[in-house]
Amino acid sequence: MDVRIGERVAIVGPSGAGKSTLLLHLNGVLMGTGLIRIMGQTLEQKNLQQIRKHVGLVFQDPNDQLFCPTVYEDIAFGPMNLGAPEKEIPFRVEKSLSDSGLDQSMRSRTSHHLSLGERKRVALASVLAMDPAILALDEPMSNLDPRNRRHLIELIASLPATLILATHEMELVLALCTRTAVMDRGKIWADGNTRDLLSNADLMHEHGLEVPLSLKKT
Amino acid sequence: MRHSFIDRFANLDSPLHLLDARTKLVGFTALIVAVLLIQSGRDFVFFSYFFLIAILAGISQIPLGFIVRRTLTILPFIILATLAAPWRGVAGLGALFLRAILCLIILIILTNTTRFAELLRGLRRLGCPQILASNLGFLYRYLFVLTEEILRMRQARDCRRVGHAALKKELSTLGSMLGTLLVRSFERAERMYNAMLSRGYAGEFPVVDPHRFSWPDLAFLAGIALFVWVTFFGFPVLPA
């Protein structure tokens, strides 16, 4: 499977299909036997740090992702690990906060005082601060209320990065991605235009998914 | 779901709050050591420390009621600890009790005038090993996540329980809850570590560091040093 620069691809599949596991392979947190090439480089033990600079992974549960005492430190964590100059850090934090639609006053807050919607956005900001070329999101909308959901969709749609989105929310896929791959039991079963795949009722049912309401023929 | 915070009043902006975390760590630790070294029977010295701490508490703008409530919460432990040394006699026990109370109030002031994150940063800059500082940080960050997990589990248990079961049954339920909690914590730790790796973690935790050591810090430390010196090594006008 090839993903081009700037493309927005959804990986859809039922729970347990292996979507999250696949994402964890993209930056070498997990290493399998297959071959992964990121921006022309084959993923290996020795270029992990470089690859991680390119691939930003946003986890499903922001509580897993935000482990620092303050929001500022969490956002600074990535760029500092990647060796960004110390003077640049405050600007990076500032920029990723505003890119994620968050107020600057957020920086001194502790993440356990934030609402889920805010926490999700801080998690996104903590990855955007690393300026990744590829953004891999794992179920970004789970548990969000409609308003926060809408904001986050608009936010993600406005980002220039290549997007790989793992989810089983079909409406979200329809809103964000032009291309979709169906994954089930660890394998890709179909790969193509989002509208074509998602309106294929047989394919959806076979892999524990559903044709989104907005595509159902009346 | 509610939880109480260790550093509840740390966001005020009294003169004490504005001091550098290192200053407070060093200053308050010195006070604690000094309090522990006061000999029993030197009532005047005890009183002067109590007076100093009262002034610090006043400056800190932490509500008095909060300090009293926190102290009362830990009081039973202090009493128990005091009673564990009955050979010291009444005066000795009294001194032990007073020392414990004073130290406790000092710690309450320290943790409520310094945000936990800054306290950690201060510790780190004073040479505390990386692994210890980041573990304390994780503890603080995830204590609340864990508490919420426990509260949710308890709600789920209460929803499926009618009346009171036999003690043995209750204990076995508690056992499985604790087991589940342990497994969940393990899994969370793993996911967290993955998140750290994903953002380029390679063994060294970066420290964000706004330098802020200026003359009020110096004045505070000098004041504490002078006070301790006077109370221990005498001052011509002070009764021995």
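To be clear, the structure that these remarks concern was listed above.
Attention here is on the structure that accompanies the text. Since the model is a prediction, treat every value here as computed from it, not as a measurement.

**Some words on the interface of chain B and chain A**
Accessible area lost on assembly of the parts is the figure often given for the size of an interface.
Right, so step 1: Counting residues at the interface gives 23 residues for chain B and 26 residues for chain A.
Right, so step 2: Elements with a contribution of two residues or more to the side of chain B that touches chain A: α6 (116-125), α7 (130-159) and α8 (167-198) of chain B.
Right, so step 3: For the side of chain B that touches chain A, the element with the highest residue contribution is α8(B), accounting for eight residues.
Right, so step 4: Tallied by class, residues from the side of chain B that touches chain A come to 15 nonpolar, four polar and four charged.

**A look at the environment of Pro69(A)**
Residue and element names in this part refer to chain A.
Right, so step 1: Within the fold, Pro69 resides in the loop between α3 (62-65) and α4 (71-81).
Right, so step 2: The buried category is assigned to Pro69, around which 25 C-beta atoms lie within 10 Å.
Right, so step 3: As a C-alpha pair, Pro69 and Arg109 span 40 residues in sequence and 8.4 Å in three-dimensional space.

**Concerning the nonpolar core**
Right, so step 1: Counting residues in each nonpolar core, the largest one holds 63 residues, and the members touching the most others are Ile11(A), Leu57(A), Ala125(A), Ala136(A), Leu165(A) and Val173(A).
Right, so step 2: Ile11(A) has contacts with Lys19(A), Leu22(A), Ile164(A), Leu165(A), Ala166(A), Ala181(A) and Met183(A), leaving out every residue within four places of it along the chain.
Right, so step 3: Judged by nonpolar contacts, the second largest core, of 31 residues, contains Leu16(B), Ile106(B), Ile108(B) and Ala133(B).

**Comments concerning unusual backbone geometry**
Residues and elements named next belong to chain A.
Right, so step 1: Here the phi dihedral of Met39 falls at roughly 45°; this positive angle occurs in a residue that is not glycine.
Right, so step 2: Inspection of the secondary structure assignment puts Met39 in the loop between β2 (37-38) and β3 (41-42).
Right, so step 3: Residue classification places Met39 among the partly exposed residues on the basis of 13 C-beta atoms within 10 Å.
Right, so step 4: In this model, Glu139 sits at a positive phi of 40°, which is unusual for a non-glycine residue.
Right, so step 5: Tracing the backbone through its elements, the reader meets Glu139 in the loop between β5 (134-138) and α7 (146-157).
Right, so step 6: According to the C-beta neighbour criterion, Glu139 is partly exposed, with 19 such atoms within 10 Å.

**Brief notes about the pairing of β5(A)**
All names here are of chain A.
Right, so step 1: Burial runs high along β5: five of the five residues are buried.
Right, so step 2: Because side chains alternate across β5, one face comprises the buried residues Ile134, Ala136 and Asp138, and the other comprises Leu135 and Leu137, equally buried.
Right, so step 3: Note: strand β4 (residues 55-58) against β5, four bridges, orientation parallel. The residue of β5 that forms the bridge with Leu57 is Ala136.
Right, so step 4: With α7 bridging β5 and its parallel neighbour strand β6 (residues 162-167), the resulting β-α-β unit is right-handed.

**Thoughts on the sheet that holds β6(A)**
Residue and element names in this part refer to chain A.
Right, so step 1: Here six strands make up an open sheet; going across it, the order is β4-β5-β6-β1-β7-β8 and the pairing mixed. The open sheet has two free edges, formed respectively by β4 and β8 (187-193), since each of these has just one partner strand. Put simply, the sheet's adjacent strands are angled 15° from each other on average, direction ignored.
Right, so step 2: Looking at chain direction, strand β1 (residues 8-12) and strand β7 (residues 179-184) are connected through four bridges and run parallel. Within the sheet, the bridge partner assigned to Ala10 lies in β7 and is Thr180.

**So, the packing of α4(A) against helix α5 (residues 89-99) of chain A**
All names here are of chain A.
Right, so step 1: With their axes 9 Å apart at the nearest point, α4 and α5 run at an angle of 115° to one another. Along this stretch, α4 crosses α5, giving a crossing that reads as right-handed. Across from Tyr72, Ile75, Ala76, Pro79 and Met80 in α4, the residues of α5 making contact are Ile89, Arg92, Val93 and Ser96.
Right, so step 2: Each residue belonging to the contact of α4 with α5 can be placed in one class, and the counts come to seven nonpolar, one polar and one charged.

**Brief notes about the packing of α7(B) against α8(B)**
Residue and element names in this part refer to chain B.
Right, so step 1: Where α7 meets α8, the closest approach of the two axes is 11 Å, and the angle between their N-to-C directions is 145°. The two elements α7 and α8 cross, and the hand of that crossing is right-handed. Within the contact between the two elements, α7 uses Leu146, Glu149, Ile150, Met153 and Arg157 and α8 uses Thr173, Met177, Leu181, Arg184 and Ser185.
Right, so step 2: Here the residues of the contact of α7 with α8 sort into five nonpolar, two polar and three charged.

**Side note on the environment of Met141(A)**
Residues and elements named next belong to chain A.
Right, so step 1: Tracing the backbone through its elements, the reader meets Met141 in the loop between β5 and α7.
Right, so step 2: In sequence terms Met141 and His25 are 116 residues apart; their C-alpha atoms lie 21 Å from each other.
Right, so step 3: Contacts of Met141, omitting those with residues within four sequence positions, involve Arg149, Leu152, Glu169 and Leu172.

**As for the pairing of β6(A)**
Residues and elements named next belong to chain A.
Right, so step 1: Burial runs high along β6: six of the six residues are buried.
Right, so step 2: Side chains Thr162, Ile164 and Ala166 project from β6 onto one buried face, and the interleaved Leu163, Leu165 and Thr167 project onto a second face that is buried too.
Right, so step 3: With five bridges joining them, β1 and β6 adopt parallel strand pairing. Bridged to Arg8 within β6 is Leu163.
Right, so step 4: Pairing geometry for β5 and β6, over five bridges, is parallel. Note that in β6 the partner of Ala136 across the bridge is Ile164.

Rules behind the numbers
Residues numbered from 1 in each chain as written. Chains lettered and ligands numbered in written order. Predicted model: local features only at pLDDT ≥ 70, side-chain atom pairs only at ≥ 80, totals over all residues. Contact = placed C-beta atoms within 7 Å. Helix = DSSP H or I, 4+ residues; strand = E, 2+ residues; numbered from the N terminus. Nonpolar A, V, L, I, M, F, W, Y, C, P; charged D, E, K, R; others polar. Buried ≥ 20, exposed ≤ 12 C-beta atoms within 10 Å, placed from the backbone. Core = buried A, V, L, I, M, F, W, Y, C linked by C-beta atoms within 7 Å. Pairing = 2+ DSSP bridges. Right-handed = clockwise from strand over helix to strand, strands pointing away. Axes fitted to C-alpha atoms, helices over the stretch in contact; angles between N-to-C directions. Left-handed = near helix turned anticlockwise from the far one by under 90°.

By themselves these figures say nothing about function.
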